Amino acid sequence: MLITCPYCGPRDVIEFTYQGDGNRARPEPASQNFEAWNAYVYDRLNPAGDHNEIWQHSGGCRAHLRVVRNTLTHEISSVTFVRGHHGSASRPEAEDRS
Amino acid sequence: MSPRRTDTGGRIDRLKTIRFTFDGTAYTGHAGDTLASALLAKGVILLGRSFKYHRPRGLLTAGVEEPNALVTVLKGEVREPNIPATMVEIHDGLVAVSQNRFPSLAFDINAVNQLGGKLLSAGFYYKTFMGPVVGPLKGTRFWMFCEHFIRRAAGLGSAGSAKDTARYERMNAFCDVLVVGSGPAGLMAAKAASDQGARVILADLEPRLGGSANWTGETIDGAPAADWARRTVAQLEGRDNVRLLPRTTVWGYYDGNTLAALERVSDHKDQPGKGEPRHRHWAIRAKSVVLATGAFERPLVFPGNDRPGVMLAHAAERFANEFGVLPGQRIALFTNNDSAYRAAVALKKAGAAIAAIVDVRPEPSADMRELATEAGAELLAAHAVIATEGGRALSGLKLQRFDMSNGALNGEARSMHADCLLMSGGWSPTIHLASQAGARAEWDAARQAFLPPKPAQDGPVQRWIGAGAFTGSFSTAAAMAEGRAAGISAAGATNTPAALPVVDAVPGDPDPAPVFEIRASGKSFVDFQHDVTAEDVRLAHREGFVSVEHLKRYTTLGMATDQGKSSNIPGLAIMAEALGKPIPEVGTTRFRPPFAPVSIGSLAAERFGDLRPERLTPMHDWHLANGATMYSAGLWYRPMIYALAGETVEQAYVREARATRESAGIVDVSTLGKIAVQGPDAAEFLDRVYTNMFSTLAVGKARYGLMLREDGLAFDDGTTWRLGEQDFLMTTTTANAGKVMQHLEYFLDVIWPDLKVHVTSVTDEWAGAAIGGPKARQILATCVTGTAVGNATLPFMGIVRGRIADVPVMICRLSFSGEMAFEVYCGAGHSTHVWEALLDAGKPFGLVTYGLEALGTMRIEKGHVTGAEIDGRTTARDLHLDWMLSKKKPFIGSAMMDREGLIASERLELVGLIALDNRPLNGGAHIVEEVDEANPHDSIGHITACCYSPALGKYIALALVKGGKARRGTRAHVSDPLRGRFGPVEIVSNHFYDPDGNRMHG
Ligand SMILES: [Zn+2]
């Protein structure tokens, strides 16, 4: 499986670490809503089809990526930075020093 | 009369003699021989004993699908079992032994299983051994009693216990077109694709590329097909854009057109070349794939079809044409299709007498009659073989008239003498890889076979094209045309008509008669390797197994190491007949990787052995030069002990720990994870990450911290130093350094992107030495400049900066050993210099170096926890660290840590143990209230760490024990049946030594 890191380009899955279901919503830190905490820690969607996942490019730029992956075909339809401020999804051009 | 080597023919090198042994007997063969062909040439036809009944077995095939002739290859102490003799290339010094026989292949006492054949019918194990005890000889208990004997009797080769010292490696490869299979179709595809400029990889599991061209005896462009193949291979070899991979089994087809292959690099050599691995695992990413994997010939199912001397027709043809070996002198053939006639002619040409061709079909074509005449064979149409005769080798067979319209046998049975019987039940395309890629096979009534469907070419995930026998095109001419078209199309070009090589082949209709089984009395084998008979399949049906998946599991049909390559279709056909359904409605099972067995070593590759990465501390060479015995801890290497001459491990660590507590000791702690946590929100971030407060920590001070996971269980611990208002240095345990880093990054990137914090791993930038003991401060006082180290300047958990031997250092006064202790950090490049300066300064004070064993001993004496106790199941409370759980703020895990199950009173809690019998304890041993050596039960916990404590003069341990705190002061027992260690212990507090911390506070 290849994941196209918006920063590093297409890389083998071996460079990435799966960091869980991207649909989880963490309650506010002080929240006492136990149901919400339980859902966040344990409930997973496990769809047969497109799945919203978080992967870290741990063997590369270490950014966390939001990946939409089809669990039946492994087809990846979208990869974006989880954190907005990484800038554009295209790889920065090397400066021309010649 | 027996098999023999022919004087001419075959592609072996008769001038090169190779010596090897099989079952202790020395044999010779020729370069190019497989173990199968070399033994066959010497008249050895008994090569194995069958799985259940221990029936004598010989070669069924000449290739990877061989179910019978499995051998164990020995390389020194290392044994590799279950390799088909047909896949072992002989080399000087090869040592192979047969399997599943006791005491010898020729005389096997377990063959009496044949007499009790009923006993071992389908489902025997389930029926006899599973479920409740009903009577004395039934049920699970009875199974436990019999298991030892049955496992010995039923089975394949045994695995060895010697460490495999061979090297394995992994390789990634990329190409435009991967061609799997190098027969005429595959060669044409590779050539056509490379003509288009595509980067091509051509892989074949055989050592010699060419596939069927090597043995069909056909001619291509006027030359023997084998010569055409050799020329084409030579041509491809010279191309920069082609990589040839012989001896390479493509065994897995994964998503994104990633294929896994195993290259047997040096199995065929007596010694691997310099730097050469034994096996190489290939991960091949191909833009498109041409599957030209050919087809497997099917056996016919009839009584006695497993007797040594009965083999597949094409296998005999292959032995004769490729290896110059005649499998018999007087050969009979039994077929339901035309392909066996070519084999008959080939064997006649090679020098055998063809006794008869027995054909189930009433009217073989005129072409076939002509071939039979050419072979000098009596043609017995509308006949079938109903039995074979002989003991451990075939001596003859019995025939009867056969009506294929209803399967009836009639007329007088007739005997015929033959020392070899060749059978052909038609051909099954090798669709395994396509099936793995998700294609559903389609039944073709004419071919009587499952054919791969036309794959969808617009999908983004798999792109493959089939060619040759794989698609059911069994003639060489058709295979070459398809191969060329597939190669061009796979390369992304448009196929244009062009002249193809001219093939001169014997005629033949590719469609067999729909006959799979001859029903007569006697054992008729479907799955040779698992000893599944036609009757077993019917029995399973009678007992209600109607799904093919259930049938497989119940009878174990197709579940042996050959994965039913020869047995699946006959088994399915018999099942279909029993169900009264057509074959496609019964369905076929989906094939899964691997296509053929894969060495575990090739998958582990560089993760083990000399290619595994190593992490060395900057003082590593010093440790080695100064007598350290090293441990590997994860990827790290760390000193275990610095033994003096003649010391045991225990003597060494006891001496080191004792000297530390009496004067001073120093240990390399550079492996601790170190993370710089910096930024305006760093303190806030640490408050969220740790259970205790860090925002209140003063600059120049350190604090011990505990992290939980989101689910409330303990995760990691360590000290974090506040170097500046916005600058912290976090330390983690050695083992969790990477995990903690990812944990922090995840929360900063995903959960709290608003926090202005940067984390950087600085583990490798800092070297660390911990120096502790009553003399430690005096030692530092003599060598540290630029700062005082007394209580006022450097109190407990204080941090100072100074110099040692002109090198800037950072010193924190903290203690793991329980002594007055300091951690001295310096830039990694200066570490040995600083380390030696500390040792010099310590010499007058009796400073010793100590290793991980003494470190562990002192931490057990102090009752500190490590990964053995923070094992992913324990909570802060279990470890008596609840004093660290801040009530003033939320932190990761705080919402989940008070769940019912995590605060229950019967949880495993950390305790100390003292051995009352003054004998060593073992890590992992169970703790019980009552000892019952014969029938250990009711564990109340286990030991996590143990040592001899020089401070207490006793064998002690840390343990996790149910309701542990409340048990302090009571007795229990260790129960360690695996190591035979039982004995009384006292349960005490985990703080064995100096519980009030007077020593470290000074
Ligand atoms: Zn990246």
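Because the structure is a prediction, the values reported are computed rather than measured. (Residues numbered from 1 in each chain as written. Chains lettered and ligands numbered in written order. Predicted model: local features only at pLDDT ≥ 70, side-chain atom pairs only at ≥ 80, totals over all residues. Heavy atoms only, no water.)

1. A closer look at the pattern of salt bridges
All names here are of chain B.
For step 1, the next point in the chain: One pass over the full model with this rule turns up 52 salt bridges over all chains.
For step 2, the next point in the chain: Its salt-bridge partner being Arg 5, residue Asp 33 comes within 2.5 Å of it at the nearest N-O pair. You can see Asp 33 sitting in the loop between strand 3 (25-31) and helix 1 (35-41) and its partner Arg 5 sitting in strand 1 (residues 4-5), a full 28 residues away along the chain. Just as Asp 33 is buried, Arg 5 falls in that class too.
For step 3, the next point in the chain: Residue Arg 280 pairs with Glu 263 through a salt bridge whose shortest N-O separation is 3.0 Å. Of this pair, Arg 280 sits in strand 16 (residues 279-291) while Glu 263 sits in strand 15 (residues 258-264), placing them 17 residues apart in sequence.
For step 4, the next point in the chain: Via salt bridges that share partners, Arg 55, Arg 57, Asp 306 and Asp 531 belong to a single interconnected network. (Salt bridge = Lys/Arg side-chain N within 4 Å of Asp/Glu carboxyl O. Helix = DSSP H or I, 4+ residues; strand = E, 2+ residues; numbered from the N terminus. Buried < 20%, exposed > 50% of the residue type's maximum accessible area, 1.4 Å probe, protein only.)

2. Some remarks on the coordination of the zinc ion
Residue and element names in this part refer to chain A.
For step 1, the next point in the chain: Listed as protein donors to the zinc ion are Cys 5 (SG), Cys 8 (SG), His 57 (ND1) and Cys 61 (SG); their distances from the metal cover 2.0 to 2.3 Å.
For step 2, the next point in the chain: Between the four donor atoms coordinating the zinc ion, the angles at the centre fall across 104 to 119°, so the site counts as tetrahedral.
For step 3, the next point in the chain: Spacing between the donor residues of the zinc ion along the chain follows C-x2-C-x48-H-x3-C. A residue pair is termed long-range when its members are at least 10 positions apart, and Cys 5 in strand 1 (residues 2-5) and Cys 61 in the loop between strand 4 (50-56) and strand 5 (64-70) qualify at 56 residues.
For step 4, the next point in the chain: Judged by its relative accessible area of 2%, Cys 5 falls in the buried class.
For step 5, the next point in the chain: According to the relative accessible area criterion, Cys 61 is partly exposed, its value standing at 29%. (Donors = N, O, S within 2.8 Å, 3.2 Å for Na, K, Ca; no water. Tetrahedral: all angles 85-135°; square planar, octahedral: opposite > 155°, others 65-115°.)

3. Quick word on the nonpolar core
Residues and elements named next belong to chain B.
For step 1, the next point in the chain: In this structure, Leu 35, Phe 319, Leu 333 and Phe 334 are the most contacted members of the largest nonpolar core, which totals 82 residues.
For step 2, the next point in the chain: Leu 35 has contacts with Phe 20, Val 71, Ala 85, Val 88, Ile 90, Leu 94 and Ala 96, leaving out every residue within four places of it along the chain.
For step 3, the next point in the chain: Tyr 653, Leu 881, Leu 913 and Tyr 993 belong to the second-largest nonpolar core, a separate cluster that totals 54 residues. (Core = buried A, V, L, I, M, F, W, Y, C linked by side-chain atoms within 4.5 Å. Contact = heavy atoms within 4.5 Å.)

4. Points about helix 12 (residues 548-555) of chain B
For step 1, the next point in the chain: Turning to helix 12 of chain B, its buried residues number three or more, namely Val 548, Leu 551, Lys 552, Tyr 554 and Thr 555 of chain B.
For step 2, the next point in the chain: Capping the start of helix 12 of chain B is the job of one residue whose side-chain oxygen sits 3.1 Å from the backbone nitrogen of Glu 549 of chain B: Ser 547 of chain B. (Polar contact = N/O pair within 3.5 Å; in protein donor to acceptor, adjacent residues only side chain to side chain.)

5. Topic: the confidence of the model for chain A
Residue and element names in this part refer to chain A.
For step 1, the next point in the chain: Averaged over chain A, the pLDDT score is 86; the fraction of residues at 70 or greater is 86%.
For step 2, the next point in the chain: The element-level mean pLDDT for chain A is lowest in strand 2 (residues 9-12), coming to 93, with strand 4 highest at 97.
For step 3, the next point in the chain: The model gives residues 86-98 a pLDDT under 50, and that stretch makes eleven contacts with residues more than four places away or in other chains. (pLDDT = per-residue confidence, 0-100.)

6. Some remarks on the sheet that holds strand 34 (residues 615-616) of chain B
For step 1, the next point in the chain: With respect to topology, three strands assemble into an open sheet ordered 34-36-35 (chain B), the strand pairing being mixed. Of all strands in the sheet, those bounded by a partner on one side alone are strand 34 and strand 35 (628-633) of chain B. (Pairing = 2+ DSSP bridges.)

7. Here's the deal with the sheet that holds strand 21 (residues 353-359) of chain B
All names here are of chain B.
For step 1, the next point in the chain: The five strands are arranged 18-26-20-21-22 in an open sheet whose pairing can be described as parallel. Only two strands of the sheet have a single partner each, and these edge strands are strand 18 (310-312) and strand 22 (378-381). Along the sheet, successive strands turn relative to each other by an average axial angle of 20°, direction set aside.
For step 2, the next point in the chain: The pairing of strand 18 with strand 26 (residues 420-424) spans three bridges and is parallel. From the neighbouring strand, Met 311 faces strand 26, where its bridge partner is Leu 422.
For step 3, the next point in the chain: The strands touched by helix 6 (residues 313-323) are strand 18, strand 20 (330-335) and strand 26; relative to strand 18, the strand with the most contacts, the crossing angle is about 85°. (Axes fitted to C-alpha atoms, helices over the stretch in contact; angles between N-to-C directions.)

8. Examining the environment of Phe 302 of chain B
Residue and element names in this part refer to chain B.
For step 1, the next point in the chain: Its place among the elements puts Phe 302 in the loop between strand 17 (295-297) and strand 18.
For step 2, the next point in the chain: Relative accessible area serves as the criterion here: at 0%, Phe 302 is assigned to the buried category.
For step 3, the next point in the chain: For the pair Phe 302 and Arg 519, spaced 217 residues apart in sequence, the C-alpha to C-alpha distance is 6.6 Å.
For step 4, the next point in the chain: Ignoring sequence-local partners within four residues, the contact set of Phe 302 consists of Val 310, Phe 334, Val 385, Thr 388, Leu 421, Met 423, Ile 518, Lys 523, Ser 524 and Phe 525.

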